[in-house]
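Residue-level structural notes
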Amino acid sequence: NNDDDRPGNDGGKTSDEPSWASNFFPPLAWGPLMEYMDDQRVSRLKQCDVLKDILQQCRKGKENRTQLEDVPMGIRSVRYFLWRDQRPASDEAANRCTREEHALWACRAIGTTCGQRLVNLRTCFRELSPEIVLQAGHGKVDYEGTEPLNDDSSSIPCQQLQRDMGDCIRTNSLALQERLRKRKEREQQK
């Protein structure tokens, strides 16, 4: 009789442990591994702050601002989306900051384990042209789900995929914050 198959037996896993974890790691090893992975996520998300600053500079219309190509995370994003030579054609387009917005959300997706949704979005973007993705809808994006849902790619390209990725980022960010809060409480109790 295998005791692990009994109803209600969680195999010793903690409430924060993903279901697959006990198949790969003994219960005592899971805690430190999860803390290490969370620390890596926090570190990646801190790297996104540089892209957030670039986006804010762009939105303010700064002329001599840092460009995506000036920082490693920006270069990765431009290469990932194949937008190396994609620059706004006019001053009006320059104020759209679409590349910067997509770069920031891509960075957040990587930091919150939403990479598959990022891959899906990139695939959708590649099926369109860079011009459509960066110029459509006057540079609107919808990662936060605030725009009316529209199936027309000339409005907001790959809108549902943007929303899906934004939802994943928010959900995983909240879960990460909760795990960090619980860890801090445990450390204060020691």
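This is a predicted model, so every value here is computed, not measured.

What the protein contains, in helices and strands, is eight helices and zero strands. The N-to-C order of helical and strand elements in the protein reads α-α-α-α-α-α-α-α. For the protein, with 190 residues in total, the buried portion stands at 35%. Summarising the internal contacts of the protein: among those between residues at least 6 apart in sequence, 61% fall at separations of at least 24. Accessible area of the protein: about 11,700 Å², with a carbon and sulfur share of 48%.

It is worth spelling out the environment of C107 at this point. Here C107 lies in helix α5 (residues 98-111). You can call C107 buried: its relative accessible area is 4%. Here the alpha-carbon distance between C107 and K52, two residues 55 residues apart in the chain, equals 9.8 Å.

Where α5 meets helix α6 (residues 115-127), the closest approach of the two axes is 8 Å, and the angle between their N-to-C directions is 145°. α5 and α6 meet at a crossing whose hand is left-handed. Only G115, L118 and F125 of α6 make contact with α5, whose side of the interface consists of H102, A106, A109 and I110. Per-class residue counts for the contact of α5 with α6 are five nonpolar, two polar and no charged.

Scanning the entire structure with this criterion turns up 11 salt bridges. The partner of D38 in a salt bridge is R179, with the nearest N and O atoms 2.8 Å apart. One end of the pair, D38, is in helix α2 (residues 27-59); the other, R179, is in helix α8 (residues 159-189), and 141 residues separate them in sequence. For the pair D38 and R179, one class covers both residues: buried. A salt bridge links E178 to R181, with the shortest nitrogen-to-oxygen separation between them at 2.4 Å. With E178 and R181 both in helix α8 and three residues apart, this pair spans about one turn of that helix. What makes R181 partly exposed here is its relative accessible area of 37%. One network of salt bridges, with partners in common, ties together D38, R41 and R179.

Two cysteines, two sulfur atoms, one covalent bond between them: this is a disulfide. Applying the stated criterion across every chain, the model contains four disulfides. In this model, C58 is linked to C97 through a disulfide, with the two sulfur atoms separated by 1.9 Å. As the torsion about the S-S bond is roughly -100°, the C58-C97 disulfide counts as left-handed. Here C58, found in helix α2, pairs with C97, found in the loop between α4 (91-94) and α5; they are 39 residues apart in sequence, far enough to count as distant. The pair C58 / C97 is uniform in exposure class, with both members buried. Covalent S-S linkage joins C124 and C158, the inter-sulfur distance amounting to 2.0 Å.

Criteria and thresholds
Residues numbered from 1 in each chain as written. Predicted model: local features only at pLDDT ≥ 70, side-chain atom pairs only at ≥ 80, totals over all residues. Heavy atoms only, no water. Helix = DSSP H or I, 4+ residues; strand = E, 2+ residues; numbered from the N terminus. Buried < 20%, exposed > 50% of the residue type's maximum accessible area, 1.4 Å probe, protein only. Contact = heavy atoms within 4.5 Å. Areas by Shrake-Rupley, 256 points an atom, 1.4 Å probe, with all protein chains shown as cover. Axes fitted to C-alpha atoms, helices over the stretch in contact; angles between N-to-C directions. Left-handed = near helix turned anticlockwise from the far one by under 90°. Nonpolar A, V, L, I, M, F, W, Y, C, P; charged D, E, K, R; others polar. Salt bridge = Lys/Arg side-chain N within 4 Å of Asp/Glu carboxyl O. Disulfide = S-S within 2.5 Å.

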